[in-house]
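Read off the chains here:
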Amino acid sequence: MKAISCIKPGLLQYVSLPEPTLKDGHSLVKINRIGICGTDIHAYKGNQPYFTYPRILGHELSGTILEASNPNFSIGDQVTIIPYLNCGKCIACRSSKPNCCTHLKVMGVHVDGGMLEVIAAPHSSLLIENELSFEELALIEPLAIGAHGIGRADIKPNEWVLILGAGPIGLGLMNLAKISGARVIALDTNDYRLKQAQSIAHVDHVIPPSVNTFEELKELTDGDMPTIIIDATGNLQAINNAFQYLAHGGKYILVGLQKEFISFSHPAFHKREATLMSSRNATRADFEYVIKCIKSGLISPLQYITHRVSFENMVSDFESLIDIKNGMIKGLIEL
């Protein structure tokens, strides 16, 4: 069986693995589609936290059940895979927060992922959905990350929400914030991505790099500033800089991940009585909510897909795919 491994930063390689065998509590799943994620790109570039090499990448997955040890699953069922393997025993798991389990293992990050032909997946990680396409199923995971972040924000109708970064996670956040009734402002340094924010996520305003962001936000919000800011960049400068944009009494949610220490003025933060929180991964409920939104037409995952590549050409084409000049929002690997 063929798999794609990130051997070290800058080197992807096909490797040969034995076919997995069926074991208790698992199903064998033929992988059909794999989303190319920012995590895969960061791993390739050598700046992904919690990462060791070599590692088989891939955690935005859809496939078909080949064999199952669970009578509730049938051969041929279509599935999306929840790639977060939690222990079920720690304080987070006991508090219904398996997404931030103290021993969490994420496929494609802490353990090998799904850039391969067949995977043995725990039944708890499988979500059967036969009404959606493999393309839609592969995009549920990144959209669920957005759903979890929006859940953390607890948006009120007509609340001003500023979202930093209009990549696939940022666009999902914008899409889901609009569903929650927010007035959404998109901030990005890339004009092409800002156009995608308007066409895909239907944001209310975009702020291009040529504009004075602080003054623009002040004018848009009648001097109040956004009551919710969500970072989807993972960029240290962008994260630190955005503290100044937060309204008094506001919330700042970090969805993007940065390896370094963030810093901000304590007096400026304190006087706002602001809330700073992180949003990690997603839960099964977030996956189910995204599926519901797709089925009701509130989200159209296929709009996110800008590039497709075959599994056979993935290694040779990866560098060109992730070149920012090629305008990739979401790349999809087809098997």
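Calculation notes
- Numbers given to residues run from 1 along each chain, matching the order in which its sequence is written.
- For this predicted model, a pLDDT threshold of at least 70 governs which residues receive local features, and a threshold of 80 or more governs which side-chain atom pairs are given and counted, while totals over whole chains, interfaces and linings are taken from all residues.
- In computing side-chain values, all of the structure's heavy atoms are included and hydrogens and water are not.
- In this description a helix means any DSSP run of H or I spanning at least four residues, a strand means any run of E spanning at least two, and both kinds are numbered starting from the N terminus.
- Only C-alpha atoms enter the radius of gyration; for comparison, a globular chain is expected to reach 2.2 Å times N to the power 0.38, where N is the number of residues.
- Each residue is placed in one exposure class: buried if its accessible area under a 1.4 Å probe, protein chains only, is under 20% of its type's maximum, exposed if it is over 50%, and partly exposed if it falls in between.
- Pairs of residues are marked as contacts when any of their non-hydrogen atoms sit within 4.5 Å.
- When charges are tallied, Lys and Arg are placed among the positive residues and Asp and Glu among the negative ones, while His and the ends of the chain are skipped.
- A charged residue contributes its charge at one atom only: NZ of Lys, CZ of Arg, CG of Asp or CD of Glu.
- Stacked, tilted and edge-to-face are the three classes assigned to paired rings of Phe, Tyr and Trp, where Trp is represented by its six-membered ring and a pair needs centres within 6.5 Å; plane angles under 30 degrees give stacked, over 60 edge-to-face, the rest tilted.
- Lysine NZ or arginine CZ positioned within 6 Å of the ring centre and within 35 degrees of the ring normal marks a charge as sitting over the ring.
- All axes are obtained by fitting lines to C-alpha atoms, using only the stretch in contact for helices, and the reported angles, taken between N-to-C directions, cover 0 to 180 degrees.
- The cut-offs work like this: below 35 degrees is roughly parallel, past 145 is roughly antiparallel, 65 to 115 is roughly perpendicular, and the gaps in between are oblique.
- Definitions for this section: a left-handed crossing has its near helix turned counterclockwise from the far helix by less than a right angle. A right-handed crossing has that turn clockwise.
- Note on residue classes: Ala, Val, Leu, Ile, Met, Phe, Trp, Tyr, Cys and Pro are nonpolar, Asp, Glu, Lys and Arg are charged, and everything else, Gly too, is polar.
- Two strands form a pair only when DSSP identifies at least two bridges running between them.
- For this text, the term disulfide refers to a pair of cysteine sulfurs within 2.5 Å.
- Only buried residues count toward a nonpolar core, which is a set of Ala, Val, Leu, Ile, Met, Phe, Trp, Tyr and Cys residues joined through side-chain atoms within 4.5 Å.
- Clockwise travel from the first strand over the helix to the second, with the strands pointing away from the viewer, marks a crossover as right-handed.
- Here a helix's expected span is defined as the number of its residues, less one, multiplied by 1.5 Å.

A.B. asks: Kindly report on the overall build of the chain, identifying the contributing residues and their values.
C.D. replies: The helix and strand tally for the chain stands at 11 helices and 18 strands. In terms of overall dimensions, the chain is globule-like: its C-alpha atoms have a radius of gyration of 20 Å, near the 20 Å expected for 335 residues. Over its C-alpha atoms, taken along the principal directions, the chain stretches across nearly 60 × 45 × 40 Å. When each of the 335 residues of the chain is scored for burial, the buried share is 53%. A sequence separation of at least 24 residues applies to 68% of the contacts in the chain between residues at least 6 apart. Separation of charge centres in the chain, based on 29 positive and 33 negative side chains, amounts to 5 Å.

A.B. asks: Tell me about the packing of aromatic side chains, and please be specific about residues and values.
C.D. replies: For the structure on display, the rule yields 8 aromatic pairs. Between the aromatic rings of Y44 and F318, the centroid separation amounts to 5.0 Å while the plane-to-plane angle is 80°, which identifies the pairing as edge-to-face. Residue Y44 is located in helix α1 (residues 38-45), and its partner F318 is located in helix α11 (residues 314-321); the two are separated by 274 residues in the primary sequence. When its relative accessible area of 1% is taken as the criterion, F318 is described as buried. Taken together through their ring pairs, the aromatic side chains of F243, Y252, F264 and F269 make up a single cluster. Above the plane of the ring of Y14 lies K2, whose end atom (NZ or CZ) is 4.9 Å from the centre.

A.B. asks: Please provide a residue-by-residue account of the packing of helix α4 (residues 140-153) against helix α5 (residues 168-179), values included.
C.D. replies: Between α4 and α5, the least distance of the axes is 8 Å, while the angle of their chain directions is 55°. On the basis of the axis angle, α4 is oblique to α5. Handedness of the α4/α5 crossing: right-handed. Between α4 and α5, the contacting residues are P142, L143, I145, G146, A147, G149 and I150 on the first element and I169, G172, L173, L176 and A177 on the second. Grouping the constituent residues of the contact of α4 with α5 by class yields 9 nonpolar, 3 polar and no charged.

A.B. asks: Can you break down the packing of α4 against helix α10 (residues 284-295) residue by residue, with the values?
C.D. replies: Remark: α4 packs on α10, axes separated minimally by 8 Å, with the N-to-C direction vectors making an angle of 105°. Judged by the inter-axis angle, α4 sits roughly perpendicular to α10. Contacts from I140, E141, L143, A144, A147 and H148 in α4 reach D286, F287, Y289, V290, I291 and I294 in α10. Of the residues assigned to the contact of α4 with α10, the class counts are 9 nonpolar, 1 polar and 2 charged.

A.B. asks: Which residues make up the sheet that holds strand β12 (residues 183-187), and what are the values?
C.D. replies: Think of a sheet as strands paired side by side through backbone hydrogen bonds, with each pair either parallel or antiparallel. Spatially, β13-β12-β11-β14-β15-β16 is the arrangement adopted by the 6 strands of the open sheet, whose pairing is parallel. Strands with a single pairing partner mark the edges of an open sheet, and in this sheet they are β13 (205-207) and β16 (275-278). Direction aside, the axes of adjacent strands within the sheet are offset by 20° on average.

A.B. asks: Can you lay out the sheet that holds strand β1 (residues 2-8) for me, pointing to particular residues and giving the numbers?
C.D. replies: Spatially, the 3 strands line up as an open sheet ordered β2-β1-β4, and their pairing is antiparallel. Strands with a single pairing partner mark the edges of an open sheet, and in this sheet they are β2 (11-16) and β4 (55-56). Bridge count for β1 against β4 is 2 bridges, and the pairing is antiparallel. If you follow C6 over to β4, its bridge partner there is R55. The strands touched by α11 within the sheet are β1 and β2, with β2 carrying the most contacts at an inclination of about 160°.

A.B. asks: Before we move on, could you go through the state of the cysteines and cite the residues and values that matter?
C.D. replies: Enumeration according to the criterion identifies 0 disulfides in this entry. Here C6 is not cross-linked by a disulfide; its sulfur's nearest cysteine counterpart is in C37, at 13 Å. Here C293 is not disulfide-linked; the sulfur of C37 is the nearest cysteine sulfur, at 20 Å.

A.B. asks: Could you give me a rundown of the nonpolar core, with the residues and numbers involved?
C.D. replies: By size, the foremost hydrophobic cluster in this structure holds 91 residues, and its most contacted members are I36, M174, I230 and M314. The element best represented in this core is α4, accounting for 7 residues. For M314, the contacting residues outside a window of four places in its chain are I4, L12, Y14, I36, M115, V309 and I333. By size, the runner-up hydrophobic cluster in this structure holds 20 residues, among which are L162, F243, Y252 and L254.

A.B. asks: Describe the pairing of β16, with residues and values.
C.D. replies: Bridging between strand β15 (residues 251-254) and β16 involves 4 bridges; their strand directions are parallel. Considered in β16, the bridge of I253 is made with M277. Viewed along the sheet, the connection from β15 through helix α9 (residues 266-271) into β16 turns out right-handed.

A.B. asks: Let's hear about α5: which residues, and what values?
C.D. replies: The terminal C-alpha atoms of α5, which comprises 12 residues, lie 17 Å apart, in line with the 16 Å expected from a rise of 1.5 Å per residue. Judged by how many residues are buried, α5 sits mostly within the fold: 9 of 12 residues are covered. Three or more residues of α5 are buried, namely P168, G170, L171, G172, L173, M174, N175, L176 and A177. Two residues or fewer past α5, G181 is found with a positive phi of approximately 95°.

The analysis is restricted to geometry; functional conclusions fall outside its scope.
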